[in-house]
Amino acid sequence: MIYTVGGIKGGTGKTTISVNLAVWLAKQGGDVLLVDADEQESATDFTSFREHTLNGETNYTAVKLTGDQLRSQVTKLSSKYDHIVIDSGGRDTISQRAALVISDVSLFPFRPRSFDFWTITKVQNLISEIRTVNPELRAMVFINQADIRSEDNRETAEQLKEIEGFEFIPDMVCNRKAFALAGGQGLAVFELSPQDAKASKEINALFKAIPQ
Ligand SMILES: Nc1ncnc2c1ncn2[C@@H]1O[C@H](COP(=O)(O)OP(=O)(O)O)[C@@H](O)[C@H]1O
Ligand SMILES: [Mg+2]
């Protein structure tokens, strides 16, 4: 499976979801490749912290690929890995389009904020265009950084449910400090000790809802 975590907004949690998914899939027992397709290189930074924290035992392979190279290189690598997770930047770039064209599943995190939700039309247009060349592409939306207590979550969920051509994952991930804390050490949230049981449970439920 090739997954692209995308969107056209910064800060929605694309890198956080990508790196947690890469570690989670590796823990299920597969060979995982994490592709950093964002010039900001946050996924690459995560892997460097991880190398340091775990003495090199990252349990996935990481590469940085952008632009036209991404498509040809990932296609070549796809037979060597069980899962490939591509972390794309928060803009409609050549890299993100290249990633979507070769993906089986695209994942779009949304924060429960109107500024974020307003980008959905652009994401819909992007997916429609990509499906002319990759008709099988699945597109999944879900809420990340949900407010622990808020009506906004429910409103955003209602809106996300209605988007034609997209699958809504009802398992949302709340705004929890553990994500930033784990990320800074190059760890997935479920690897953190002491554990944040709620954060681990939420991310686990989300990932179980993603096709494997
Ligand atoms: N569920 C969450 N709870 C708390 N903080 C989060 C969560 N998801 C992401 N973050 C934080 O939000 C910031 C942006 O996340 P990031 O994954 O870098 O977004 P993007 O890659 O979409 O720009 C980071 O500081 C990250 O630690
Ligand atoms: Mg990012």
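Source: prediction; values computed, not measured. Chains are numbered independently. Their residues run from 1 in the order of the written sequence. Written order determines the labels here, with chains lettered from A and ligands numbered from 1. Where totals are concerned, whole chains, interfaces and linings use all residues; where local detail is concerned, this predicted model gives features only for residues with pLDDT of at least 70, and gives and counts side-chain atom pairs only at 80 or more. Side-chain metrics rest on all non-hydrogen atoms present in the structure, leaving aside hydrogens and water.

### Some words on the environment of Lys14
Just so we agree on the cut-off: Here a strand is any run of E in DSSP of at least two residues, a helix any run of H or I of at least four, and the numbering for each starts at the N terminus. Buried means the residue's accessible area, taken with a 1.4 Å probe over protein chains only, is under 20% of the maximum for its type, while exposed means over 50%, and partly exposed covers the values in between. The contact criterion used is simple: two residues touch if any of their non-hydrogen atoms lie within 4.5 Å. Polar contacts here mean pairs of N or O atoms no more than 3.5 Å apart (in protein, one a potential hydrogen donor and the other a potential acceptor; neighbouring residues in sequence count only if both atoms are side-chain atoms).
When you line up the elements, Lys14 lands in helix 1 (residues 14–27). Judged by its relative accessible area of 6%, Lys14 falls in the buried class. Residues Lys14 and Ala43 lie 29 residues apart in sequence; the distance between their C-alpha atoms is 9.5 Å. Excluding anything up to four places from it in sequence, Lys14 contacts Val5, Gly6, Gly7, Lys9, Asp87, Ser88, Gly89, Gly90 and Pro109. Of the polar contacts made by the side chain of Lys14, one reaches the backbone oxygen of Lys9; its length is 2.5 Å.

### As for the UniProt feature "domain: CobQ/CobB/MinD/ParA nucleotide binding" (unreviewed entry) in the protein chain
This is how it is decided: UniProt positions are given in the numbering used here, feature names are shortened, and annotations may be inferred rather than shown by experiment.
Residues given the UniProt feature "domain: CobQ/CobB/MinD/ParA nucleotide binding" (unreviewed entry) here are residues 4–185. Across residues 4–185, the secondary structure splits into 43% helix and 20% strand, with the terminal C-alpha atoms separated by 23 Å.

### Digging into the pattern of salt bridges
In plain terms, the rule: By convention in these notes, a salt bridge is any Lys or Arg side-chain nitrogen within 4 Å of a carboxyl oxygen on Asp or Glu.
Counted under the stated rule, the structure contains 14 salt bridges. Between Asp92 and Arg97 there is a salt bridge, and its shortest N-O distance comes to 2.8 Å. For Asp92, a relative accessible area of 41% corresponds to the partly exposed category. For Lys161, the salt bridge is made with Glu158, and the minimal N-O distance between the two is 3.4 Å. Of this pair, Lys161 and Glu158 both sit in helix 7 (residues 151–161), 3 residues apart, which is roughly one turn of that helix. Under the relative-accessibility criterion, Lys161 is labelled partly exposed at 45%. What makes Glu158 partly exposed here is its relative accessible area of 35%. Among the charged side chains, a salt-bridge network with shared partners connects Lys9, Arg111 and Asp116.

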